[in-house]
Amino acid sequence: MNLDRLFSPRSVAIVGASERSNWTRRIHDALSAIGYPGAVYFVNPRGGTAHGAAVYRAVTEIGVVPDLIYIMAPARSVVGAVTEAGALGVPAAIVLSAGFAETGADGLREQERVAAAAREHQMALLGPNTLGFVNPGERVALMPMQSGDPLSPGAIGVVSQSGNMAVQLMNMARSFDVGLSLLASTGNEISVSVADVIGHLTEDDGTKVIAVFLES
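What you are looking at is a predicted structure, and each value in this text was computed from that prediction instead of being measured.

Reading guide: rules and limits
Residues numbered from 1 in each chain as written. Predicted model: local features only at pLDDT ≥ 70, side-chain atom pairs only at ≥ 80, totals over all residues. Heavy atoms only, no water. Salt bridge = Lys/Arg side-chain N within 4 Å of Asp/Glu carboxyl O. Helix = DSSP H or I, 4+ residues; strand = E, 2+ residues; numbered from the N terminus. Buried < 20%, exposed > 50% of the residue type's maximum accessible area, 1.4 Å probe, protein only. Pairing = 2+ DSSP bridges. Axes fitted to C-alpha atoms, helices over the stretch in contact; angles between N-to-C directions. Right-handed = clockwise from strand over helix to strand, strands pointing away.

A. Here's a closer look at the pattern of salt bridges. On inspection of all chains with the given rule, the structure shows five salt bridges. For the salt bridge of D67 with R10, the shortest nitrogen-to-oxygen distance reads 2.9 Å. Remark: R10 occurs in the loop between α1 (4-7) and β1 (11-15) and D67 occurs in the loop between β4 (53-56) and β5 (68-71); sequence separation between them is 57 residues. Among the residues examined, D67 registers a relative accessible area of 6% and is labelled buried.

Below, the structure written as structure tokens:
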């Protein structure tokens, strides 16, 4: 599985974004803090504005095909968002939303629908139930990051099934100025697994050490 567009997106669409959403603000602020150089689009069926920018009612209305969609919509809306973006040719997605296999049989069925949609469109999907990733060298932060110490690029790649642990490791790296090549949380792993991220890191010339946090 090629994860280049997932971890080095040149443009990002935040699906489910709104001015009042705490998650929209946190991801917007993380991208701003790290100095993301790419385009950021906001998408929500209600339209409106967010952070001074227009909110598109659908990914298809943006007018370009983003490299990645970051989905923070309710679980029941995720399969539609993945299907729409996949049909448009979007190669990668992150699903922040929870409410899938971790909640029981109904959630598992919904998760299987999302997985099938990602496979149909050959989309590299991180999650669901994940906080995302940070790629300091490419200045991409699609994971909540508070203002404060900078996050330096370096030679250590980190992959964690736990989103909370990933954030804690990121904060430690910032505090002690430890450089990272990539830090990713994988969540429920319906598409991209820990093994896939490790494989990606082994092919990265800038990564010299790989640290892994596994829960199962």
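B. Region of the structure containing the sheet that holds strand β12 (residues 209-213). The strand order across the open sheet built from five strands is β9-β8-β11-β10-β12, with neighbouring strands paired in mixed fashion. Strand pairing shows two members of the sheet lacking a second neighbour, β9 (140-142) and β12, which therefore form its edges. Each strand of the sheet is rotated relative to its neighbour by a mean of 15°, with strand direction disregarded.

C. Layout of the pairing of strand β2 (residues 39-43). With five bridges joining them, β1 and β2 adopt parallel strand pairing. Following the sheet pairing, A13 is matched in β2 by Y41. Once you follow β1 into helix α2 (residues 22-34) and on to β2, the crossover reads as right-handed. When β2 meets β4, the two strands line up parallel, connected through two bridges. From the neighbouring strand, V43 faces β4, where its bridge partner is Y56.

D. Quick look at the sheet that holds β1. Within the open sheet, the seven strands sit side by side as β3-β4-β2-β1-β5-β6-β7. Their pairing is mixed. A strand with exactly one partner marks an edge of an open sheet, and here the two such strands are β3 (49-50) and β7 (124-126). One ladder, built from two bridges, connects β3 with β4; its direction is antiparallel. Bridging from a neighbouring strand, A50 pairs with A53 of β4.

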